[in-house]
Structure formats: structure tokens, C-alpha cells
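Structural features, examined
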Amino acid sequence: MNVTEVGAGTIGVSWTTLLAAHGHDVVVTDPRSDLVEVVDAGVRQFAPSLDADPDELLGRIRCEPDLEAAVADAAVVQEQGPEDVDLKRSLFARIGAAAPAEALLLSSTSGIQPTTIARDLDDVIAARLLVAHPFNPPHVLPLVEVVAGERTADDTVARAAEFLRGVGKDPVVLHREVAGFVANRLQSALFREAVHLVRSGVVDAEELDRVVTGSLGPRWATGGPFLSFHLGGGPGGLRHMLAHLGPGMARRWRDLGDPALDEETVDALATAAEVAYRTDHYAELTEARDRAQVAVLRARDLGTTDTDRRGGEH
Ligand SMILES: NC(=O)c1ccc[n+]([C@@H]2O[C@H](COP(=O)([O-])OP(=O)(O)OC[C@H]3O[C@@H](n4cnc5c(N)ncnc54)[C@H](O)[C@@H]3O)[C@@H](O)[C@H]2O)c1
């Protein structure tokens, strides 16, 4: 299938590598002057975590700086340009005019609603546009949140989910649009309390990370908050858990922090991260992250099946 990636930053190069690893022919477009170099370097960095040969992948990837030429033969267009609503609107107006009439139009935006992006588009183009929000890095993590806008056709949602499953993703279709979608709302809630705990001196940033990677991280890799609490309640399940420990948790909700993300806070947090993790070995750290996440996902898939999680077939 011909797929066009619009935007070759962190997310675009990751998608590009994944799609090529699944045998798609990928055209990448971006006005940056180092487009060829950045795609080459990214594919070489990400291919090993997909057990793929980077030269073989690069053989299926073409860089094309001209947007209209890049989308002319696309069956699917994935947009991951900067998070700017006016830019995304103008990109999709141009993509809609230049791409084939049946092309799927997907935006990787982490927060802009599909109805907002599609505001000025003709109905036939808006019907084929939706948000397919990946979780970084898309070449590793399975989740893609699929969000339809008010004018997105049902068939577009079904086609997008099928396309995403075909490249190993686990699409979750949201029932309605919501600011920030689901995963980032959850992440924001946890990070808000993390900032509060670090800023109020309970733990430092590196200690807070250890608390998460030694507890919630592995727990949530194998069962989300609902399954985890359902089991945490013993044989009585979530009903017992919430009757027993729910009141304490609800009291804690009222005590959670509400930190400001002002200049001083940003500087203090960034300094703490730079001291703990440095800034001069990004490639090394991201390669280590990818290896570890791939290992966790493989172990998870070996250890449990969907049937196990549901407690057997009913
Ligand atoms: N980084 C993340 O964790 C993450 C996760 C999920 C979704 N997203 C979303 O993906 C999108 C891109 O994020 P990113 O982190 O890859 O940003 P980035 O800054 O790394 O990359 C953006 C790219 O867009 C390019 N660009 C600028 N103008 C363009 C144009 N007119 N046409 C095509 N490309 C253009 C830039 O040159 C750059 O290469 C955003 O909408 C963001 O919300 C990011």
C-alpha cells in the first residue's frame, strides 16, 4: 500500500520505520532541508527494535519535499506536522485537494479535535479525516487512539482501524471527542501529582521515576487500573476493593496537588531531569528505552492472552 507521512519529526520518522517494516511503500514529506538525513538516521536507529534491516526499509521509503506530489498516489496519509491548528487545517486542505478521492486522512495530533481540524474542509474530505493518535514511540507501543469528528464517516473509522491493526497497532476507538483524548488525560493526571510531590520535597525526580517503574509501570503493563483493582479486591473484586479502600482514595483525591507549571517550576524540573539523565546521550537512552519496552511487550504477550485477562471464554 502507498502511505504518505507528512512531517518527519519524532513521530513521523517512527511511523515511517514501522510502516516500511510492514512492507508498505512510504513517501515522506517535510519542508526541512535535512529531510533525507533525518529519515536515514531515524530508520537506522529504529529498525533494530523491529528486527528489520534498515537498508531494506530505506529501499521502500522515498523523500519528497513537495506536499502535493507526495500525496498524489497515497492510499493513506498520516499527518504529524507541528501541533498548530491553523497549520493542520491548511495542510489537510492541500492534502484533500491533491490526494486520491478515497485516501484515508489521519492526523497524529496529541490534542486537537478532528472536528476542529476539519472545520473548513468540504464534506467529502472531512468524511475521510480522523485523528489516529499514537503513543510515543509509535514503532514500539501498540496503542493508537482513533477519534472521529462530527463529519467523519463510519466507514473511515473501520478502514483506519483495519489499517492500524495491519501494522501491529491496537486501535481504541473513542466514543466521543474529548480534549487530550484518553491516554494523555491519564498521563496529565499522574504527572500533575508527580510535579506536586517533587516540588513539595517528598521525593526527587529520579526517586519518583523509581517509584513508578517499580510499581505502577509493571502493574499497568499487564493489567490496567480497573483489572488491577478488581484483583486487588480479592475474590470480592472491584466492588469489595472500592467499599474497603475507596473512601480513603476519595479523601486523597481532595488532597492531590495543583501545581503551577510556571517558569521557575519548569526550570527546577528540567534541571532535575538533566542532572539525573544528562542531555548528551539522547540516542543511547532512546535505544535503551525501545529495547526495554519491546522486551516488556513481548513478555506481556507471552505471559497472558486476552482470554486469560477476561477469565476464560464465557
Ligand atoms: N512527540 C510525542 O510524544 C507525540 C506523541 C503523539 C503525537 N504527537 C503529535 O505528533 C505531531 C508531531 O509531533 P513531533 O513530536 O513529531 O514534532 P516534531 O517537532 O519532532 O516534528 C514536527 C515536524 O513537522 C515538520 N513540519 C513543519 N512544517 C511542516 C509542513 N508545512 N509540512 C510538513 N511537515 C512540517 C517539521 O519540520 C518537523 O520535522 C504533533 O501534532 C504532536 O502533537 C507527538
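This one's a predicted model, so the numbers in the text were calculated from it and none came from an experiment.

What follows is about the overall build of the protein. Secondary structure assignment for the protein yields 15 helices and eight strands. Computed over its C-alpha atoms, the radius of gyration of the protein comes to 21 Å, within 12% of the 20 Å expected for a compact globule of 314 residues. In terms of overall dimensions, the protein has a C-alpha envelope of 60 × 50 × 40 Å along the principal axes. Across the 314 residues of the protein, 39% fall into the buried class. Taking all contacts inside the protein whose residues are at least 6 apart in sequence as the whole, residues at least 24 apart take part in 70%. Working note: accessible area of the protein is about 17,300 Å², and carbon and sulfur atoms make up 56% of it. Of the side-chain charges in the protein, 30 are positive and 49 negative, and the distance between the mean point of each set is 7 Å.

This paragraph deals with the site of the ligand. Around the ligand lies a shell of 22 residues, among which Ile11, Asp30, Glu83, Lys88 and Ser110 are the nearest. Note that an oxygen atom of the ligand is positioned 2.9 Å from one of the side-chain N or O atoms of Lys88. Relative to its unbound accessible surface of 830 Å², the ligand loses 73% to contact with the protein. At the level of elements, helix 1 (10-21), helix 5 (85-98) and strand 6 (129-134) are the ones that each hand at least two residues to the shell around the ligand. Tallying contributions element by element places helix 5 first for the shell around the ligand, with three residues. Class assignment for the residues of the shell around the ligand results in eight nonpolar, 10 polar and four charged.

Often, the extent of an interface is quoted as the loss of accessible area on bringing the components together. Partitioning the protein into structural domains gives domain 1 (2-173) and domain 2 (183-222 + 260-307). Taking the mean C-alpha position of each, domain 1 and domain 2 sit 26 Å from one another. Across the boundary between the two partners, domain 1 contributes 15 residues, which contact 13 residues of domain 2. Here domain 1 packs against domain 2, burying approximately 1,100 Å² in sum over the two surfaces, 52% of which is carbon and sulfur. On the domain 1 side of the interface with domain 2, the three residues burying the most area are Gln45, Phe135 and Val140, jointly 40% of the side's total. Applying the counting rule to domain 1 against domain 2 returns one salt bridge. With its nearest N and O atoms 3.1 Å apart, the salt bridge here joins Asp51 to Arg298. Elements with a contribution of two residues or more to the side of domain 1 that touches domain 2: helix 2 (35-46) and strand 7 (143-148). Classifying every residue of the side of domain 1 that touches domain 2 by side-chain character gives seven nonpolar, six polar and two charged.

This paragraph deals with unusual backbone geometry. Here the residue pair Asn136 and Pro137 is connected by a cis peptide bond, since its omega of 0 degrees sits within 30 degrees of zero. A positive phi is found at Asp51, a non-glycine position, where the angle reads about 55 degrees. Position of Asp51 among the secondary structure elements: in the loop between helix 2 and helix 3 (54-58). A relative accessible area of 63% places Asp51 in the exposed class. A positive phi is found at Phe181, a non-glycine position, where the angle reads about 60 degrees. Tracing the chain through its elements places Phe181 in the loop between strand 8 (170-173) and helix 9 (183-199).

Strand order in the open sheet made by the eight strands is 3-2-1-4-5-6-7-8, with mixed pairing throughout. Of all the strands in the sheet, the pair left with one neighbour each is strand 3 (61-63) and strand 8. Between one strand axis and the next, the sheet turns through 25 degrees on average, direction left out of account. When strand 7 meets strand 8, the two strands line up parallel, connected through four bridges. The residue of strand 8 that forms the bridge with Leu143 is Asp170. Most of the contacts of helix 1 go to strand 1 (residues 2-6), to which it runs at about 165 degrees, and overall it touches strand 1, strand 2 (25-29), strand 3, strand 4 (76-79), strand 6 and strand 7. Seen against the sheet, helix 5 touches strand 1, strand 4, strand 5 (104-107) and strand 6 and runs at an angle of roughly 165 degrees to strand 5.

Taken as a class, soluble globular proteins show a tendency for nonpolar side chains to be buried jointly. Grouped together as the largest cluster of nonpolar side chains are 30 residues, with contacts concentrated most on Val28, Val39, Ile61, Leu106, Leu130, Phe163 and Leu164. At the level of elements, helix 1, strand 2, helix 2, helix 3, strand 5, strand 6, strand 7 and helix 8 (154-166) are the ones that each hand at least two residues to this core. Among the elements that line this core, the one with the most residues is helix 1, at five residues. Those residues in contact with Leu130, other than ones at most four positions away along the chain, are Leu105, Leu106, Ser107, Pro114, Val146, Val147, Ala148, Thr152, Thr156, Val157 and Ala160.

Here Asp290 lies in helix 14 (residues 282-303). Separated by 2.8 Å, the side chains of Asp290 and His139 make a polar contact. Residues contacting Asp290, with those up to four places away along its chain left out, are Phe46, Ser49, Pro137, His139 and Val140.

With 19 residues, helix 12 (residues 237-255) ought to run about 27 Å at 1.5 Å a step, and its terminal C-alpha atoms sit 26 Å apart, in line with that. The largest bend in helix 12 comes to about 60 degrees, at Leu245, with the proline Pro247 one to four residues further on. Those residues of helix 12 not exposed but buried are Gly237, Met241, Gly246 and Met249.

How each quantity is defined
Residues numbered from 1 in each chain as written. Predicted model: local features only at pLDDT ≥ 70, side-chain atom pairs only at ≥ 80, totals over all residues. Heavy atoms only, no water. Helix = DSSP H or I, 4+ residues; strand = E, 2+ residues; numbered from the N terminus. Rg over C-alpha atoms; globule rule 2.2 N^0.38 Å. Buried < 20%, exposed > 50% of the residue type's maximum accessible area, 1.4 Å probe, protein only. Contact = heavy atoms within 4.5 Å. Areas by Shrake-Rupley, 256 points an atom, 1.4 Å probe, with all protein chains shown as cover. Lys, Arg positive; Asp, Glu negative; His and termini not counted. Charge placed at Lys NZ, Arg CZ, Asp CG, Glu CD. Near = heavy atom within 4 Å. Polar contact = N/O pair within 3.5 Å; in protein donor to acceptor, adjacent residues only side chain to side chain. Nonpolar A, V, L, I, M, F, W, Y, C, P; charged D, E, K, R; others polar. Domains from an automatic or database assignment. Buried area = accessible area lost by both parts, 1.4 Å probe. Salt bridge = Lys/Arg side-chain N within 4 Å of Asp/Glu carboxyl O. Pairing = 2+ DSSP bridges. Axes fitted to C-alpha atoms, helices over the stretch in contact; angles between N-to-C directions. Core = buried A, V, L, I, M, F, W, Y, C linked by side-chain atoms within 4.5 Å. Expected span 1.5 Å × (residues − 1). Bend = angle between axes of the 7 residues up to and from the residue.

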